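# Chain and residue survey
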Amino acid sequence: GFECVSLKAVMTGVTLSTTGQSDVVLPVDSTPLSVVAELLCKHWPGTAPSLFVSGERALSPYSDESLASVAREGDRIQVVCHHSRDATNDRSDVRVPAIILTGFLGAGKTTLLNHFLKRQSEMKVGVIENEFGAVAIDEALLAQSEQQAEQVVVLDNGCMCCTVRGDLLKAFEAVRQQMVTSGTRLDFLIIETTGLADPVPIVRTLRQTPGINSHFRLDGVVTLADAKTIATRLAEAGDTRSREVYQQLAFANLMVLTKIDLVSGSEALRTVSKLKSLSDSSCQLTAAVRGVLPGKLLTELRAFALDSVGAEVEAHASGHHGHSHGHHGHAHHHQPDCDSHDHSCCDHACADSHDCCEDHSHPAPHPDDIGSFSIVTPRAVDQLKFARWIRKLTKIPEEAGILYRSKAILPINGCSRKLVFHAVGDVVEKDFGPDWAPNECRECKIVFIGRRLDQDWFTSSFNDCTVPLMRHPTVASPWANVAPAIASFLGSGDAARMSRVDLGSFHSLQVPLGGAGSHPLNNQVYLHSCAPISMVSAYMNSFTASKVKLATPCNTDFLFGKPMIFDSAAEVEACGITFQEVAETLDSDTQSSIIEFGWRRETVAEYIGSLSSANSVSTLVKASYDNNGDIDELRFRWKMSPAEQADLEAVRVSLQLVGGKSTTGVYQLSFHSVHPGFQVHIPVDDHRRPLFETEVLFHRHHTVWTHLLSQSEPFLRCLVRIKPVNSADGPLQNMCGCC
């Protein structure tokens, strides 16, 4: 993880040596330590210096002090090193890269920021500065560098750790508008937080707000720790579960140990060891004095790039992770169960056993209950089950621990590309990465980092969403070329059956045919046009098990109800997850229906321009309940009215329940949005209430507006569950962890 490298002063100079690397000899002269650091990087590939310790002096690797001023012949200098990150710069991504600069009060964030702005002249840099208190005391400190920064936005009287921070969203919008107005694009954006801020909600805002994520790209979290006070801060945090200081360390991608000139060498080494034990193994660590740091450490972080995540998973799962100094528990669970064939939607044989399936584990205790472990298993993930499992990660049972980070590289049967997964707190994301190499061992590799993690819970729940790994076809199949053409004329049920003919046909139908998919009321599903055939099969199985009815609106073309239309595999996945959740909580008295609230497109566009002064009401939708042969028809409208949310323009959601007094029974209801980008859950205790106001707020930057404006005929798809109030089975169960 981090290495102590001897620099032993001899008569001919200073010898730099480390295990497995060639020695570097320098004369004891005016060579600056910063040059020594550069030499280390060149001669010891993959590593970078974090800290120099000479006797009882702690020194920054970016110091201009000469080697002669810190070393004498016969002295021993320790160099703490970390593994360097080398992420590929994706030039096709034209968004403005951004970092979150955090750390406790007094750690030196503004000093570092000032130095960065002063030293760099080639980049156009924007700054969003946050200060806790009625007066922005850091604003005066920033004033000296405002000429160096292209834009400076100061947020007063609050912290960014709120779930939705109105002025943070406004700040991003102000930066974007300024770029448009001036015609000048920023090269880099820094969000400096108050010392009290939990970084996760800020990560969530950057990564999951469409209006921000489409223009700005989060490159990482930079956390500053004061070498003089961090040990006291950690002790003061105690054993409480909500500890911003631990959060800031756990979620850091780059950790900067500041004010090392105020502590002894031995204190600095103990602090580095402690910080390493509390951070992710991929986190880079370096020391700085008075904010002096190479700008590229900030501008080239790229911690969220797919290749960075993939490399971190490979290193951790193989045991070559960033710091294996006995503080983290790493349990690598390899499960050679390829002989237990459970093929779900296909009957093909799975991969033969190979050397990489060998069992091994090496857990180690950790005094602070903060640790990591990885699972490596020669299986593939079921896309729908894995997506359902991801949702569970956002609401982990308290007894299972606190998950700080998770990341994975996963194979999907029939897919040539790696599925890359990354979670920061409750912000979870997945995307397809590069192709698997022809001879590469395909297996699930997933890493968990957190506090008091219950390995059995995570291992068991993850294994539940895996399936046996199928062989990749080595001989061209005659079916591979003709299967897609034939499948284009078949419903998804018949296409799924055809995919079982051989490996070639299955693999070819894992690539969607193209175009929108549909699920009509007669259940003649045609979804393999927009989703892999294995996902479609799982979708149909989940739909059947859930006993959900389609109650989509009628029109002149569809007198009994329109089909559900799907434009992407993500939409199919979201609906399939909903069916899985319904099936898990099914009881004899609950009946569920899919409904779609609709609007005219021009109405939606006009309404977004006047959120603060107008109401919007959807079309009327209907759902029925079969009460022992008596059919009760329930009707609803979705209403949005002006509201305020954290000083941000927003609307409040209400439900108009129409004709409730004409039914034979009294019902409790639960509405659940069905969308890959957001979840809305609304419980209603009595359907006879004509207007049910909710606590659901949509601010102007919410994903729902992007969703509605992307459609020619805007609609919001929801599941409604209906159950009699006096049911012997009791009230409606929570369908998912966030209900």
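Residues numbered from 1 in each chain as written. Predicted model: local features only at pLDDT ≥ 70, side-chain atom pairs only at ≥ 80, totals over all residues. Heavy atoms only, no water.

## Concerning the sheet that holds strand S22 (residues 549–550)
Read across the open sheet, the five strands follow the order S22-S24-S32-S29-S30; overall the sheet is mixed. Sheet topology places S22 and strand S30 (681–684) at the edges, where each strand pairs with a single neighbour. By the bridge criterion, four bridges tie strand S29 (residues 667–673) to S30 in an arrangement that is antiparallel. In the strand pairing of S30, His672 is matched with His681. (Pairing = 2+ DSSP bridges. Helix = DSSP H or I, 4+ residues; strand = E, 2+ residues; numbered from the N terminus.)

## Side note on the packing of helix H18 (residues 533–546) against helix H19 (residues 569–584)
Remark: H18 packs on H19, axes separated minimally by 8 Å, with the N-to-C direction vectors making an angle of 35 degrees. The two elements H18 and H19 meet at a crossing, and its hand is left-handed. Contacts between H18 and H19 involve Met535, Tyr539, Ser542, Phe543, Ala545 and Ser546 from the first element and Ala569, Val572, Glu573, Cys575, Gly576, Phe579, Gln580, Val582 and Ala583 from the second. Residue composition of the contact of H18 with H19, by class: ten nonpolar, four polar and one charged. (Axes fitted to C-alpha atoms, helices over the stretch in contact; angles between N-to-C directions. Left-handed = near helix turned anticlockwise from the far one by under 90°. Contact = heavy atoms within 4.5 Å. Nonpolar A, V, L, I, M, F, W, Y, C, P; charged D, E, K, R; others polar.)

## Some thoughts on the pattern of salt bridges
For the structure shown, the criterion picks out 25 salt bridges. Asp219 is the salt-bridge partner of Arg217, the closest N and O atoms lying 2.7 Å from each other. According to the relative accessible area criterion, Arg217 is buried, its value standing at 8%. With a shortest N-O distance of 3.4 Å, Arg388 and Glu581 are connected by a salt bridge. Here Arg388, found in helix H13 (residues 383–393), pairs with Glu581, found in helix H19; they are 193 residues apart in sequence, far enough to count as distant. Salt bridges here are not isolated pairs; linked through shared partners, they connect Asp93, Arg95, Arg217, Asp219 and Arg302. (Salt bridge = Lys/Arg side-chain N within 4 Å of Asp/Glu carboxyl O. Buried < 20%, exposed > 50% of the residue type's maximum accessible area, 1.4 Å probe, protein only.)

## A look at the environment of Val80
Tracing the backbone shows Val80 in strand S6 (residues 76–83). In the structure, Val80 is positioned 189 residues away from Leu269 in sequence and 8.3 Å away in space, judged by C-alpha atoms.

## Some remarks on the pairing of strand S24 (residues 591–598)
Across the eight residues of S24, eight count as buried, placing the element largely inside the fold. Burial of S24 is two-sided: the residues Gln591, Ser593, Ile595 and Phe597 facing one way and the residues Ser592, Ile594, Glu596 and Gly598 facing the other way are all buried. Relative to S24, S22 runs parallel, the two being bridged by two bridges. Considered in S24, the bridge of Leu550 is made with Ile594. As paired elements, S24 and strand S32 (residues 715–724) share eight bridges and run antiparallel to each other. Across the sheet, residue Ile594 finds its bridge partner in S32, namely Leu719.

## Brief notes about the environment of Ile128
Along the chain, the position of Ile128 falls in strand S8 (residues 125–130). Among the residues examined, Ile128 registers a relative accessible area of 0% and is labelled buried. Each C-alpha atom of the pair Ile128 and Ile100 lies 9.5 Å from the other, and the pair is 28 residues apart in sequence.

## Overview of the packing of aromatic side chains
Per the stated rule, a full pass over the model turns up 20 aromatic pairs. Cluster of aromatic residues (ring-pair linked, three or more members): Phe373, Phe386, Trp389, Phe421, Phe448, Trp457, Phe458 and Phe462. One Lys or Arg, Lys418, reaches over the ring of Trp436 and ends 5.2 Å from the middle of that ring. Lying over the aromatic face of Phe566, Arg717 brings its terminal NZ or CZ to 4.7 Å of the ring centre. (Phe/Tyr/Trp six-rings, centres within 6.5 Å; stacked < 30°, edge-to-face > 60°. Lys NZ or Arg CZ within 6 Å of the ring centre and 35° of its normal.)

## Remarks on helix H6 (residues 199–208)
Because each turn of an α-helix spans 3.6 residues, side chains separated by three or four positions in sequence point in the same direction. Most of H6 is tucked away: eight of the ten residues are buried. Along H6, the residues classified as buried are Pro199, Val200, Pro201, Ile202, Val203, Thr205, Leu206 and Arg207.

## Describing a nonpolar patch on the surface
Taken together, the side chains of Trp479, Val482, Ile486 and Val501 define a hydrophobic patch exposed on the protein surface, amounting to about 300 Å² of accessible area. Structurally, Trp479 is set in helix H15 (residues 478–487). (Patch = residues over 30% accessible without salt bridge, like charges linked within 9 Å, V, L, I, M, F, W, Y side chains within 5 Å. Areas by Shrake-Rupley, 256 points an atom, 1.4 Å probe, with all protein chains shown as cover.)

## Brief notes about the sheet that holds strand S17 (residues 417–424)
Reading across from one edge, S14-S19-S16-S17-S18 is the order of the five strands in this open sheet, with antiparallel pairing throughout. Looking at the sheet topology across the chains shown, the edges are occupied by strand S14 (370–377) and strand S18 (427–435). Ignoring strand direction, the axes of neighbouring strands in this sheet form an average angle of 15 degrees. Direction of pairing for S14 relative to strand S19 (residues 444–451): antiparallel, over a ladder of eight bridges. Within the sheet, the bridge partner assigned to Phe373 lies in S19 and is Phe448. Running at roughly 50 degrees to S18, H6 makes contact with S17 and S18 of the sheet. Running over the sheet, helix H14 (residues 455–463) touches S14, strand S16 (402–410) and S19 and is turned about 30 degrees from S14.

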